[in-house]
Amino acid sequence: MKTTVDVTGNGSSGDENHPLEDNLENTKPRKRFISRRSFLSKTIASGAGTVGAGLLSSVRAEDAGSSLSPGDAALLRFPAALEILEADFWIQYNELGGIHDAEVPSGRGNPAYIDALEVIEDEMRAYIHDNTDDEITHHQFLNAYLFSRGARRANLDPFRTLMGSTATGVNRALIGRRLTNLTQLTIDTSWWTRYRDDSHNPDLDPNFVFPQAVPTLARNQHTAIPRTDADTADSNFLQAIANTAAFHFPTIEQGGNSLYPALAQRATDAEVLRILMSIGPTETMHFQTWSDVAGNAPPLTAVDPVTGVSVTFPDLEVEDELLDKALIMPEPCPFLSRSLPIVSVIRPTKTQGAAMAALRFLRNMGLFIGQSNAFFAYMTQLAQEADAATRGI
């Protein structure tokens, strides 16, 4: 079992809303202790309405005494915030479809949803659990490291206001206290063909349109979890919900797969570079695992009984190099220049505007439907700070 120290108030314990400073006794700043209680009391502790304005007025100036440059701190603070968001929705998935133990204890499981997920992959519960655990440790580590270097951490507690599922299996204490929305997703599955295309790279071909693996997921809004127990009544629709989750998993992870190397190119501090280069490959491992699993989603068509939206999952066991589910290794593609040979690489990894692009991608997905303007202002500021970071002494 992993031993972790929750320095964010966003961990996986029974109460995920502890104040940010409550669990810091085991994490000491490596230079000198810099109290942030006054900062927190004036911004984060005052609620979502004030947090946006408070952080926007102060986040640009790094705390006096920090041993990190403002740019290097920003390069860690933005991923820390994204990892908090990622942990939030993975915890929701784990509550309904994962394994519940001391590492990820919340929730009790939804038997019908679990059965539908296991149609796709019989080890789905373990995969969901381990991915959840990984993302929790990512944001805990990043925030602990920022604190140890005297820099501000990411904190999203004031924005835990979304409803989430009320179906059997969820942690009842967290209903209405979610950061992310898994019930109104518009999922871009063009990554499927992007990684099978040997002629195009979004870094070199920003206007090229990669085909969707599941075109109907890219239109309208779809739920990836049962919203209520009523969603488990129709086995075909419930399987469509599980299939949606199966494609949402790699869609999310391919974003981190690209973001970490894109941000690492801007780091100045050697340790910050090491952190970004060490966490990034774990997102790649998640991505390849989930991209392999998604190909097993059974072909079907279903109509959402609540919204009337139809979704069709095609059979991806086909003799088409852009769609064949067996081709999970990244095909070589152009990189840096078309005058060079093609090579198997992560794509995209262009660093300019990478953080804002990641934030837009998540917002367009519908993951934040229902969030406040203050939330978007805070996340935008973190992304802009990360994109403004430059290498140098």
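The structure presented is a predicted model; accordingly, all values stated were derived computationally and were not measured.

Rules and cut-offs
Residues numbered from 1 in each chain as written. Predicted model: local features only at pLDDT ≥ 70, side-chain atom pairs only at ≥ 80, totals over all residues. Heavy atoms only, no water. Helix = DSSP H or I, 4+ residues; strand = E, 2+ residues; numbered from the N terminus. Buried < 20%, exposed > 50% of the residue type's maximum accessible area, 1.4 Å probe, protein only. Contact = heavy atoms within 4.5 Å. Polar contact = N/O pair within 3.5 Å; in protein donor to acceptor, adjacent residues only side chain to side chain. Pairing = 2+ DSSP bridges. Phe/Tyr/Trp six-rings, centres within 6.5 Å; stacked < 30°, edge-to-face > 60°. Lys NZ or Arg CZ within 6 Å of the ring centre and 35° of its normal. Lys, Arg positive; Asp, Glu negative; His and termini not counted. Salt bridge = Lys/Arg side-chain N within 4 Å of Asp/Glu carboxyl O. Patch = residues over 30% accessible without salt bridge, like charges linked within 9 Å, V, L, I, M, F, W, Y side chains within 5 Å. Areas by Shrake-Rupley, 256 points an atom, 1.4 Å probe, with all protein chains shown as cover. Charge placed at Lys NZ, Arg CZ, Asp CG, Glu CD. Core = buried A, V, L, I, M, F, W, Y, C linked by side-chain atoms within 4.5 Å. Expected span 1.5 Å × (residues − 1). 1 Å grid on protein atoms, 1.4 Å probe; cavity = no way out; pocket = protein on both sides within 12 Å on 5 of 7 lines; lining within 4 Å. Points joined across faces, edges and corners; volume = space filled by probe spheres on them. Nonpolar A, V, L, I, M, F, W, Y, C, P; charged D, E, K, R; others polar.

**Describing the environment of Arg125**
Okay, so step 1: Secondary-structure assignment places Arg125 in helix H5 (residues 124-148).
Okay, so step 2: Judged by its relative accessible area of 29%, Arg125 falls in the partly exposed class.
Okay, so step 3: It is 9.5 Å that separates the C-alpha atoms of Arg125 and Tyr93, two residues lying 32 residues apart in sequence.
Okay, so step 4: The contacts of Arg125, once residues within four sequence positions are left out, are Gly97, Gly98, Ile99, His100, Ile114 and Glu118.
Okay, so step 5: Engagement of the side chain of Arg125 in a polar contact is seen with the backbone oxygen of Gly98, the distance being 3.0 Å.

**As for the pairing of strand E2 (residues 310-313)**
Okay, so step 1: Going residue by residue along E2, you find Val311 and Phe313 tucked away on one face and Ser310 and Thr312 left uncovered on the opposite face.
Okay, so step 2: One ladder, built from four bridges, connects strand E1 (residues 300-303) with E2; its direction is antiparallel. Bridge pairing links Val303 to Ser310 in E2.
Okay, so step 3: A loop of six residues connects E1 with E2, the two strands running antiparallel in sequence, and Gly308 in this loop sits at a positive phi of about 80°.

**A look at the packing of aromatic side chains**
Okay, so step 1: Following the criterion strictly, the structure yields 20 aromatic pairs and no others.
Okay, so step 2: Note on Trp90 and Phe249: the rings are 4.7 Å apart at their centroids and 35° apart in plane angle, and the pair reads as tilted. A residue pair is termed long-range when its members are at least 10 positions apart, and Trp90 in helix H3 (residues 70-97) and Phe249 in helix H7 (residues 235-264) qualify at 159 residues. As far as the burial class goes, Trp90 and Phe249 line up, both buried.
Okay, so step 3: Taken together, the ring pairs connect Phe89, Trp90, Tyr93, Tyr127, Phe249 and Trp290 into an aromatic cluster.
Okay, so step 4: Above the face of the Trp192 ring, Arg196 is positioned so that its terminal group lies 3.9 Å from the ring centre.
Okay, so step 5: Over the ring of Phe376 we find Arg363; its NZ or CZ atom is 3.7 Å from the centre of that ring.

**Structural notes on the side chain of Arg266**
Okay, so step 1: Here Arg266 shows up in the loop between H7 and helix H8 (270-294).
Okay, so step 2: One buried charge, Arg266, has no salt-bridge partner; the nearest side chain with opposite charge is Asp387, at 5.1 Å.
Okay, so step 3: There is a polar contact of 3.0 Å between the side chain of Arg266 and the backbone oxygen of Asp387.
Okay, so step 4: Aside from chain neighbours lying at most four places away, what touches Arg266 is Asp72, Leu75, Thr351, Gln352, Gly353, Ala386, Asp387, Ala389, Thr390 and Arg391.

**Focus on a negative patch on the surface**
Okay, so step 1: Side chains of Asp115, Glu118, Asp122 and Glu123 sit close together on the surface and give a patch of like negative charge.
Okay, so step 2: Note on Glu123: relative accessible area 42%, which makes it partly exposed.

**Concerning the nonpolar core**
Okay, so step 1: Formed by 89 residues in total, the largest nonpolar core has its most connected members in Phe78, Tyr93, Tyr113, Phe247, Leu276 and Met379.
Okay, so step 2: Residue contributions to this core peak at 15 residues, all from H7.
Okay, so step 3: Once you skip the residues sitting within four places of it in the chain, Met379 turns out to touch Phe78, Ala81, Leu82, Leu85, Leu156 and Leu359.

**As for H3**
Okay, so step 1: Helix length check: H3 (28 residues) gives 40 Å between terminal C-alpha atoms against 40 Å at 1.5 Å per residue, within 8%.
Okay, so step 2: Burial analysis of H3 places 27 of its 28 residues in the buried class, the great majority of the element.

**A closer look at the layout of surface pockets**
Okay, so step 1: Size it by volume and the largest pocket reaches roughly 1100 Å³.
Okay, so step 2: Listed by contribution, the elements that provide at least two residues to the lining of the largest pocket are H3, H7 and helix H9 (354-365).
Okay, so step 3: Partitioning the lining of the largest pocket into residue classes produces 21 nonpolar, 10 polar and nine charged.

**Some words on empty space enclosed by the protein**
Okay, so step 1: Using the criterion set out here, one finds four cavities of 30 Å³ or more in the structure.
Okay, so step 2: In this structure, the largest cavity spans a volume of roughly 70 Å³.
Okay, so step 3: Around the largest cavity, the lining residues are Gln221, His222, Thr223, Phe237, Ala240, Ile241, Thr244, Asp304, Val309 and Val311.
Okay, so step 4: A per-element tally of the lining of the largest cavity places H7 first, with four residues.
Okay, so step 5: Across the lining of the largest cavity, the residue classes tally to five nonpolar, four polar and one charged.

**A closer look at the pattern of salt bridges**
Okay, so step 1: If you walk through the whole model with that rule in mind, you get nine salt bridges.
Okay, so step 2: In this structure, Arg160 engages Asp157 in a salt bridge whose closest nitrogen and oxygen atoms are separated by 3.0 Å.
Okay, so step 3: Since its relative accessible area comes to 8%, Arg160 is described here as buried.
Okay, so step 4: With a shortest N-O distance of 3.9 Å, Glu317 and Lys325 are connected by a salt bridge.
Okay, so step 5: Take Lys325: its relative accessible area is 22%, and that puts it in the partly exposed class.
Okay, so step 6: One network of salt bridges, in which partners are shared, links Asp88, Asp157 and Arg160.

**Regarding H7**
Okay, so step 1: A rise of 1.5 Å per residue sets the reference length of H7, with its 30 residues, at 44 Å; its end C-alpha atoms lie 45 Å apart and thus fit the reference within 8%.
Okay, so step 2: Within H7, 26 of the 30 residues are buried, leaving the element largely enclosed by the surrounding structure.

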